[in-house]
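# What the coordinates show
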Amino acid sequence: MADGDIEEFIEQNRHLAELVDTFRAISESEKHWKSRREFIFRNINDYEDPHLDQLLALSMVWANHIFLGCRYSPALLDKVKEMAEGIVVDDAPVFKTRDEILKQQR
């Protein structure tokens, strides 16, 4: 879904949009929330009750990986990257591991 598609989906599904907005963490910036909300909307049909908690956890894994540089198992990262395919995050931070930094300094 492109940005316009998400906004159109929200307008057509106001009740669902209000529910999803309750999932925003107090610490999430607008940019962080906008991207995670898109992740949730793209995948919500595959994770309806009682599996909604699993979708929220996967959305946090994806957002933490993108915005905070958190690392997870390759299988989990592959899953969330596939679920997030097509989501564009402008100015996403770039993270390097300690080993990459040390290799660069040599």
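Just so we're clear, the structure is a prediction, and the values are computed from it rather than from any experiment. (Residues numbered from 1 in each chain as written. Predicted model: local features only at pLDDT ≥ 70, side-chain atom pairs only at ≥ 80, totals over all residues. Heavy atoms only, no water.)

## Here's the deal with the pattern of salt bridges
Quick reminder of the rule: We define a salt bridge as a contact between a side-chain nitrogen of Lys or Arg and a carboxyl oxygen of Asp or Glu at a distance within 4 Å. Burial status follows relative accessibility: with a 1.4 Å probe on protein chains alone, a residue under 20% of its type maximum counts as buried, one over 50% as exposed, and anything between as partly exposed.
Counted according to the given criterion, the structure contains three salt bridges. Two residues, Glu30 and Arg24, come together in a salt bridge whose shortest N-O distance is 3.1 Å. Overall, the relative accessible area of 32% leaves Arg24 in the partly exposed class. The shortest N-O distance in the salt bridge between Arg42 and Glu38 comes to 3.0 Å.

## Overview of a negative patch on the surface
Filter applied, for reference: A patch consists of residues exposed above 30% relative accessible area that lack any salt bridge, with like charges linked at up to 9 Å and nonpolar side chains (Val, Leu, Ile, Met, Phe, Trp, Tyr) linked at up to 5 Å. All accessible areas in this document rest on Shrake-Rupley with a 1.4 Å probe, and a residue is counted as covered only by the protein chains that are shown. When charges are tallied, Lys and Arg are placed among the positive residues and Asp and Glu among the negative ones, while His and the ends of the chain are skipped. By convention, charge coordinates are those of NZ in Lys, CZ in Arg, CG in Asp, or CD in Glu. In DSSP terms, a helix is any run of H or I states spanning at least four residues, a strand is any run of E spanning at least two, and both are numbered starting from the N terminus.
A contiguous patch of negative charge on the surface is contributed by Asp46, Glu48, Asp49 and Asp53. Along the chain, Glu48 falls in the loop between α3 (30-43) and α4 (52-68).

## Description of the packing of aromatic side chains
Two aromatic rings are characterised by how far apart their centres lie and by the angle between their planes. Quick note on the threshold: By convention, a stacked pair of Phe, Tyr or Trp rings (six-membered ring in the case of Trp) has centres within 6.5 Å and planes under 30 degrees apart, an edge-to-face pair has planes over 60 apart, and any other such pair is tilted.
For the structure on display, the rule yields one aromatic pair. Judged by centre distance (5.4 Å) and plane angle (20°), the rings of Phe39 and Trp62 are stacked. With Phe39 in helix α3 and Trp62 in helix α4, this pair connects stretches of sequence that are 23 residues apart. Accessibility assignment for this pair places Phe39 and Trp62 in one class, buried.

## Looking at the nonpolar core
Test applied: Residues belong to a common nonpolar core when they are buried Ala, Val, Leu, Ile, Met, Phe, Trp, Tyr or Cys residues joined through side-chain atoms within 4.5 Å. The contact criterion used is simple: two residues touch if any of their non-hydrogen atoms lie within 4.5 Å.
Counting residues in hydrophobic clusters, the biggest one holds 24 residues, and the most contacted among them are Phe39, Ile40, Leu55, Trp62 and Val80. Residue assignment for this core shows that the elements contributing at least two residues are α1 (3-12), α2 (14-21), α3, α4 and α5 (74-83). At eight residues, α4 tops the list of elements feeding residues into this core. Residues in contact with Trp62, not counting those within four places in the same chain, are Ser35, Arg36, Phe39, Val80, Ala84, Ile87 and Val89.

## Things to note about the UniProt feature "domain: XRN2-binding (XTBD)" (unreviewed entry) in the protein
Threshold: UniProt positions are given in the numbering used here, feature names are shortened, and annotations may be inferred rather than shown by experiment.
Residues given the UniProt feature "domain: XRN2-binding (XTBD)" (unreviewed entry) here are residues 20-106. End C-alpha to end C-alpha, residues 20-106 measures 47 Å, and it is 59% helix and 0% strand.

## A closer look at the side chain of Arg36
If you trace the backbone, Arg36 turns up in helix α3. What makes Arg36 buried here is its relative accessible area of 2%. Those residues in contact with Arg36, other than ones at most four positions away along the chain, are Phe23, Arg24, Ala25, Glu28, Leu56, Ser59, Met60, Trp62 and Ala63.

## Examining α5
The criterion, for reference: Directions are taken from the helix axis to each C-beta atom, and the arc is the one they span.
Buried within α5 are the following residues: Leu77, Val80 and Met83. The arc that holds every buried residue of α5, seen down its axis, measures 125°, which confines them to one face. In α5, the exposed positions angled more than 90 degrees off the buried face are occupied by Pro74, Ala75, Asp78 and Glu82. Here the buried face of α5 lies against α3 and α4.

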